[in-house]
Amino acid sequence: MRTFILTATLLLGACAGPQIPPPTAVQVTRAQARWPEVTGQSLAHGRNLYVSRCSGCHLLHAPSEHTADEWPVLVGKMAPRAHLDATERTLILRYLIAVAPP
Amino acid sequence: MSVRRTFALLSAALAIFSGASVAHANERHFTYTYETGVLPPGVKELEIWTTPRIGKDDYFVRFDQRMEFEVGVTDNLMTSLYLNAKAVTADVAPGVRESTYEFDGVSSEWKYKLSDPVADAIGLGFYGEFTGSTNEVEIEAKILADKQIGNLLFAGNLVFEQEWEFEPEETEAEQVVDLDFAAAYALSPGVRIGVEVRNTNEIAEGEWEHSALFAGPVVSYVADGWWVAATLMPQLPALKKSDEETGSRVLSAHEKLEARLLLSFQI
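Here's a quick rundown of the structure. (Residues numbered from 1 in each chain as written. Chains lettered and ligands numbered in written order. Predicted model: local features only at pLDDT ≥ 70, side-chain atom pairs only at ≥ 80, totals over all residues. Heavy atoms only, no water.)

## As for the pairing of strand S7 (residues 152-166) of chain B
Residues and elements named next belong to chain B. As paired elements, strand S6 (residues 136-149) and S7 share 14 bridges and run antiparallel to each other. Counterpart to Ala145 in the pairing with S7 is Gly156. As consecutive antiparallel partners, S6 and S7 are separated by two residues, and within that stretch Gly150 has a phi angle of approximately 60 degrees, a positive value. In this structure, S7 lies alongside strand S8 (residues 171-186), joined through 15 bridges in antiparallel fashion. Following the sheet pairing, Leu158 is matched in S8 by Leu179. Remark: four residues form the turn of the hairpin made by S7 and S8, two consecutive strands paired antiparallel. (Pairing = 2+ DSSP bridges. Helix = DSSP H or I, 4+ residues; strand = E, 2+ residues; numbered from the N terminus.)

## Focus on empty space enclosed by the protein
One pass over the structure, following the stated rule, counts four cavities of 30 Å³ or more. In this structure, the largest cavity occupies an estimated 120 Å³ of space. If you go around the largest cavity, you meet 12 residues; those closest to its centre are Tyr50, His58, Trp71, Leu74 and Met78 of chain A. When residues of the lining of the largest cavity are traced back to their parent elements, those giving at least two are helix H3 (40-54) and helix H4 (71-78) of chain A. Counting residues per element, the lining of the largest cavity draws most heavily on H4 of chain A, which supplies four residues. Taken together, the residues of the lining of the largest cavity break down into nine nonpolar, three polar and no charged. Put simply, the second largest cavity is a space of about 110 Å³. What lines the second largest cavity is a set of 14 residues, and nearest its centre among them are Ser55, His58 and Leu59 of chain A together with Glu35 and Gly37 of chain B. (1 Å grid on protein atoms, 1.4 Å probe; cavity = no way out; pocket = protein on both sides within 12 Å on 5 of 7 lines; lining within 4 Å. Points joined across faces, edges and corners; volume = space filled by probe spheres on them. Nonpolar A, V, L, I, M, F, W, Y, C, P; charged D, E, K, R; others polar.)

## Focus on the packing of aromatic side chains
Residues and elements named next belong to chain B. Summed over the entire model, instances satisfying the criterion amount to five aromatic pairs over all chains. Aromatic side chains Tyr34 and Tyr127 sit 4.6 Å apart centroid to centroid with 50 degrees between the ring planes, which places their arrangement in the tilted category. In this pair, Tyr34 is assigned in the loop between helix H1 (3-18) and strand S1 (44-54) and Tyr127 in strand S5 (residues 123-132), connecting sequence segments 93 residues apart. For Tyr127, a relative accessible area of 4% puts it in the buried group. Seen from their ring centres, Trp49 and Tyr82 are 5.7 Å apart, and the 75 degrees between their planes marks the pair as edge-to-face. Here Tyr82 lies in strand S3 (residues 77-93) and Trp49 lies in strand S1, a separation of 33 residues in the sequence. (Phe/Tyr/Trp six-rings, centres within 6.5 Å; stacked < 30°, edge-to-face > 60°. Buried < 20%, exposed > 50% of the residue type's maximum accessible area, 1.4 Å probe, protein only.)

## Comments concerning a nonpolar patch on the surface
Residue and element names in this part refer to chain B. Together, Met67, Phe69, Leu81, Leu83, Phe103, Val106, Phe265 and Ile267 make up a nonpolar patch on the protein surface, roughly 730 Å² of accessible area in all. Those elements that place two or more of their residues in the nonpolar patch are strand S2 (60-72), S3 and strand S4 (96-115). For Val106, the position within the fold is in strand S4. Taking the relative accessible area as the measure of exposure, Val106 reaches 36% and is therefore partly exposed. (Patch = residues over 30% accessible without salt bridge, like charges linked within 9 Å, V, L, I, M, F, W, Y side chains within 5 Å. Areas by Shrake-Rupley, 256 points an atom, 1.4 Å probe, with all protein chains shown as cover. Salt bridge = Lys/Arg side-chain N within 4 Å of Asp/Glu carboxyl O.)

## A closer look at the packing of H3 of chain A against helix H5 (residues 86-99) of chain A
Residues and elements named next belong to chain A. At their nearest, the axes of H3 and H5 sit 8 Å apart, and the two run at 105 degrees to each other. Comparing the axis directions of H3 and H5 gives the class roughly perpendicular. Counted together, Ser42, Leu43, His45, Gly46, Arg47, Leu49, Tyr50, Arg53 and Cys54 of H3 and Glu88, Leu91, Ile92, Arg94, Tyr95, Leu96 and Ala98 of H5 form the full contact between these two elements. Broken down by class, the residue content of the contact of H3 with H5 amounts to nine nonpolar, three polar and four charged. (Axes fitted to C-alpha atoms, helices over the stretch in contact; angles between N-to-C directions. Parallel < 35°, antiparallel > 145°, perpendicular 65-115°, else oblique. Contact = heavy atoms within 4.5 Å.)

## What about the interface of chain A and chain B?
Taken together, the contact between chain A and chain B spans 21 residues of the former and 31 residues of the latter. Here chain A and chain B share an interface that buries about 2300 Å² over both sides, 59% of which is from carbon and sulfur atoms. Linking Lys77 of chain A and Asp224 of chain B is a salt bridge whose minimum nitrogen-to-oxygen distance equals 3.9 Å. At the boundary of chain A with chain B, the tally comes to four residue pairs in polar contact (both at pLDDT 80 or more). For the side of chain A that touches chain B, the elements supplying multiple residues, two or more each, are helix H1 (2-16), H3 and H4 of chain A. A per-element tally of the side of chain A that touches chain B places H3 of chain A first, with four residues. Of the residues belonging to the side of chain A that touches chain B, the class tally is 10 nonpolar, seven polar and four charged. (Buried area = accessible area lost by both parts, 1.4 Å probe. Polar contact = N/O pair within 3.5 Å; in protein donor to acceptor, adjacent residues only side chain to side chain.)

## Points about the packing of H4 of chain A against H5 of chain A
Residue and element names in this part refer to chain A. Two elements in contact, H4 and H5, have axes whose closest approach is 10 Å; the angle formed by their N-to-C orientations is 150 degrees. With respect to H5, the axis of H4 lies roughly antiparallel. You can see that H4 and H5 cross each other, and the crossing is right-handed. Along its contact with H4, which presents Trp71, Pro72, Val75 and Gly76, the element H5 presents Arg89, Leu93, Leu96 and Ile97. By residue class, the composition of the contact of H4 with H5 is six nonpolar, one polar and one charged. (Left-handed = near helix turned anticlockwise from the far one by under 90°.)

## Things to note about the pattern of salt bridges
All names here are of chain B. Tallying each qualifying case throughout the model produces 16 salt bridges over all chains. We note a salt bridge from Glu258 to Arg53, for which the minimum N-O separation is 4.0 Å. Note that Glu258 is positioned in strand S12 (residues 257-266) and Arg53 in strand S1, a separation of 205 residues in sequence. On the accessibility criterion, Glu258 (4% relative accessible area) is buried. Overall, Arg53 belongs to the buried group, its relative accessible area being 14%. In this structure, a network of salt bridges that share partners links the residues Arg53, Lys56, Arg62, Asp64, Asp178, Arg198, Glu255 and Glu258.

Printed below as a string of structure tokens:
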């Protein structure tokens, strides 16, 4: 029983973080090269918004599922339906582009 | 129709469905088992429920209809209002078949999301529903859990229900405890197929009366602004039944076959 609980916990833990990862220092630096005002905090805020607002309509997609060029099109299409304002849209988009493969 | 033509039609249907990208409504992939997702604040959706319940010892067909209006309240909270109706045709005596149609009250639902099935280790949520009709009051509470792992989606609910039925002589109280479990595989971004299992237990006057078991396939399709999900759930041999049941299933309180179709549009 103990082995089962340990295995289940490890399995769930392994599935948890990486799907919607927090931005790394390298990704923050890369984003700052494109948008100088970006901080680690603003990218983390974008991640929180992505999790809370986009999951209301569909299961979340990992940032790695689309390229940095594809995300603006997808977020632009979704934003009106999710009632995202311009600031929320920008924060979400910057997080997704920063973490997505180039 | 030839096998080749059937295959061609199925292939064409799958190709159309596979063209769907991500969805834009608060999609559900199961019809009995709830997931933890809640609508974003201010977003509204209309959900139409149809639940055929077919077969008892004698002829019995019942359709439950629900019209649900949903709205997102905060990032974690949504609420909805249901209008309920039911139509029943049944043999009430040898050679006597009767049909009835009645308004079955209104329901208020509240759902609170604690964690996400993709971003967190497990998705968790709470659900509460209050139903009032002309002769019955019902309170329902659910604990919701779900998890997506790759193309597989799992969901489970623990359901507690308290009912009071107002009879001429007395008020009958009844408790129901349900365990729902579902799993589905994503064939494409828009199409999932899977299975749902439902175990429903009835407790009256402190006695555990029966434990009925249903299981069957579920399919869902999501598209821009709308989604649909359907389940077919035959009743399996009961885990526990009362002595008055003649067969292996619980037909005094349930039917041989249940099915449910959910159709939803963002408005």
